[in-house]
Amino acid sequence: MVGRIESVYAVAATGDVAADVYRTDRIPAGHTGGISVRAATLGLLSTVRGELRTGRWFTAATERYPTVVLGDLAAARLGVRQAGGQVWLGGRWFTVLGVLEPVPLAPGIDRAALVGWSAATALLGFDGHPTTVYERSIPEEVEAVRAVLPRTVNPENPEEVTVSRPSDALAARAATAGAFTNLLLGLGAVALLVGGVGVANTMVVSVLERRGEIGLRRALGATRGHIRTQFLTESLLLSGLGGLAGLALGVTVTLGHALANGFAAVLPMWAVAGGLGATVVIGCLAGLYPAVRASRLSPAVALGAA
């Protein structure tokens, strides 16, 4: 009935199956790892724009046999990386037909073991009633289709039908990620400010403690430019070493977190170069005032204070 709506051009469904899936038949019942078993129609993959990492999707022939396609998280929890193996599903062995890539438009599929509609009915006692219907419609008609979906799916009790748009969830997720990114940028800016104040304070104290050295160098012929260059170089060296230490720590933590969670370790070179460049700029700005102050010290006053 949903497929008959004029603006709908793709529709598919899944149905919850009362069965559990395990890596082997030796695993105790109840240790399911949060993996659900669902019956799936043939058009599901194209409707949700899913992609296969390995193997293949159901066909009219294979969906009648004990075969299963695993979602991304389901495959990871079962320890299945390639198609062709077997899992213990509903009290019998099912052959892994394929493994999916993550499906952003339908994240519930990532945690599911998908079985052909016919096989679920014949082998697992599935009643044939869909639990979730996925549809794609013309963008300009989305709201109109959304308004008629409840009565189309369940004419007697339309209030029992929940209609959601995955794009709304993706937009909310993007907004959350953007807010989190802004928070991290704010924390980074505060850290840079604190670091700059620390460098400036260190250099000011250094100027006060080394007035004798400054006076001696000026008496021996050093110009104000030489003194400014000396202290500015020291400031840049101090901030640069701190930046390298922070960069090494950040890279180590990032790689460790990625490897511990099975993520792909990605370190953009622009981020690495930007972090190091920011510390150098902050060090230059923080050391500018102490360097100018040191260069303005009179040789006689500096030697007398020493």
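Whatever comes next refers back to the structure up there.
Quick caveat: nothing in here was measured; it's all calculated off a predicted structure.

**Looking at the overall build of the protein chain**
What the protein chain contains, in helices and strands, is 9 helices and 9 strands. Projected onto its principal axes, the C-alpha coordinates of the protein chain cover approximately 100 × 50 × 30 Å. For the protein chain, the residues scored as buried account for 32% of the 306 residues in total. Intrachain contacts of the protein chain at a sequence separation of at least 6 include 73% that bridge at least 24 residues. Of the side chains in the protein chain, 25 bear a positive and 21 a negative charge, and the two mean positions are spaced by 16 Å.

**Considering the environment of His129**
Mapping His129 onto the fold places it in the loop between helix H3 (117-123) and strand S9 (132-137). A relative accessible area of 56% places His129 in the exposed class. Contacts of His129, omitting those with residues within four sequence positions, involve Gly15 and Trp117.

**Some remarks on helix H8 (residues 269-295)**
Between its first and last C-alpha atoms H8 spans 38 Å; for 27 residues at 1.5 Å apiece the expected length is 39 Å, and the two agree. The axis of H8 is deflected most strongly, by about 35°, at Leu288, and proline Pro290 appears within four residues downstream.

**Notes on helix H6 (residues 211-219)**
Buried within H6 are the following residues: Gly212, Ile214 and Gly215. Angularly, the buried residues of H6 cover 160° about the axis, an arc narrow enough to put them on a single face. Gly221 sits one or two positions beyond H6 and adopts a positive phi of about 115°.

**Things to note about the pattern of salt bridges**
Considering all chains together, one arrives at 3 salt bridges under this definition. One salt bridge in this structure joins Arg26 and Asp25, with 4.0 Å as the shortest N-O distance. For Arg53, the salt bridge goes to Asp72, with nearest N and O atoms at 2.4 Å. Of this pair, Arg53 sits in strand S4 (residues 52-55) while Asp72 sits in helix H2 (residues 72-78), placing them 19 residues apart in sequence. Note on Asp72: relative accessible area 15%, which makes it buried. Several salt bridges converge on common partners, so that one network encompasses Arg53, Asp72 and Glu101.

**Considering the side chain of Arg38**
You can see Arg38 is positioned in strand S3 (residues 36-40). This buried residue, Arg38, is left without a salt bridge; Asp16 holds the nearest opposite charge, at 4.1 Å. Of the polar contacts made by the side chain of Arg38, one reaches the side chain of Tyr134; its length is 3.4 Å. Residues within four places of Arg38 in sequence aside, it is in contact with Thr14, Gly15, Asp16, Val17, Gly108, Ile109, Ala112, Ala113, Leu114, Val115 and Tyr134.

**A few points about the nonpolar core**
Residues Val17, Val21, Val68, Leu70, Val87, Leu89 and Val115 are the most contacted members of the largest nonpolar core, which totals 25 residues. Put simply, the parts of the chain that give this core at least two residues each are S3, strand S5 (67-70), H2, strand S6 (86-89), strand S7 (92-100), strand S8 (112-116) and H3. Beyond its immediate chain neighbours, meaning those up to four positions away, Val17 contacts Val37, Arg38, Ala39, Ala120, Leu124 and Phe126.

**Remarks on a nonpolar patch on the surface**
Taken together, the side chains of Phe180, Leu183, Leu184 and Leu187 make up a nonpolar region of the molecular surface, amounting to roughly 410 Å² of accessible area. You can see Leu183 is positioned in helix H5 (residues 166-209). Residue Leu183 is classed as partly exposed on the basis of its relative accessible area of 48%.

**Some remarks on the environment of Gly30**
As for its position among the elements, Gly30 is in the loop between strand S2 (21-22) and S3. In this structure the C-alpha to C-alpha distance between Gly30 and Leu220, which are 190 residues apart in sequence, comes to 84 Å.

**Topic: the packing of aromatic side chains**
Describing an aromatic ring pair means giving the distance of the ring centres and the angle of the ring planes. Taken as a whole, this structure holds 3 aromatic pairs when the rule is applied. With a centroid separation of 5.0 Å and 85° between ring planes, the pair formed by Trp117 and Phe126 is classed as edge-to-face. Classification of Phe126 as buried rests on a relative accessible area of 6%.

**Remarks on unusual backbone geometry**
A positive phi angle is found at Arg49, which is not glycine, with a value near 55°. A relative accessible area of 58% places Arg49 in the exposed class.

**Notes on the packing of helix H7 (residues 224-260) against H8**
Remark: H7 packs on H8, axes separated minimally by 7 Å, with the N-to-C direction vectors making an angle of 150°. Taken together, H7 and H8 sit at an angle that is classed as roughly antiparallel. Where H7 crosses over H8, the two elements pack in a sense that is right-handed. In terms of residue class, the contact of H7 with H8 is built from 15 nonpolar, 8 polar and 2 charged.

Conventions we followed
Residues numbered from 1 in each chain as written. Predicted model: local features only at pLDDT ≥ 70, side-chain atom pairs only at ≥ 80, totals over all residues. Heavy atoms only, no water. Helix = DSSP H or I, 4+ residues; strand = E, 2+ residues; numbered from the N terminus. Buried < 20%, exposed > 50% of the residue type's maximum accessible area, 1.4 Å probe, protein only. Contact = heavy atoms within 4.5 Å. Lys, Arg positive; Asp, Glu negative; His and termini not counted. Charge placed at Lys NZ, Arg CZ, Asp CG, Glu CD. Expected span 1.5 Å × (residues − 1). Bend = angle between axes of the 7 residues up to and from the residue. Arc of directions from axis to C-beta. Salt bridge = Lys/Arg side-chain N within 4 Å of Asp/Glu carboxyl O. Polar contact = N/O pair within 3.5 Å; in protein donor to acceptor, adjacent residues only side chain to side chain. Core = buried A, V, L, I, M, F, W, Y, C linked by side-chain atoms within 4.5 Å. Patch = residues over 30% accessible without salt bridge, like charges linked within 9 Å, V, L, I, M, F, W, Y side chains within 5 Å. Areas by Shrake-Rupley, 256 points an atom, 1.4 Å probe, with all protein chains shown as cover. Phe/Tyr/Trp six-rings, centres within 6.5 Å; stacked < 30°, edge-to-face > 60°. Axes fitted to C-alpha atoms, helices over the stretch in contact; angles between N-to-C directions. Parallel < 35°, antiparallel > 145°, perpendicular 65-115°, else oblique. Left-handed = near helix turned anticlockwise from the far one by under 90°. Nonpolar A, V, L, I, M, F, W, Y, C, P; charged D, E, K, R; others polar.

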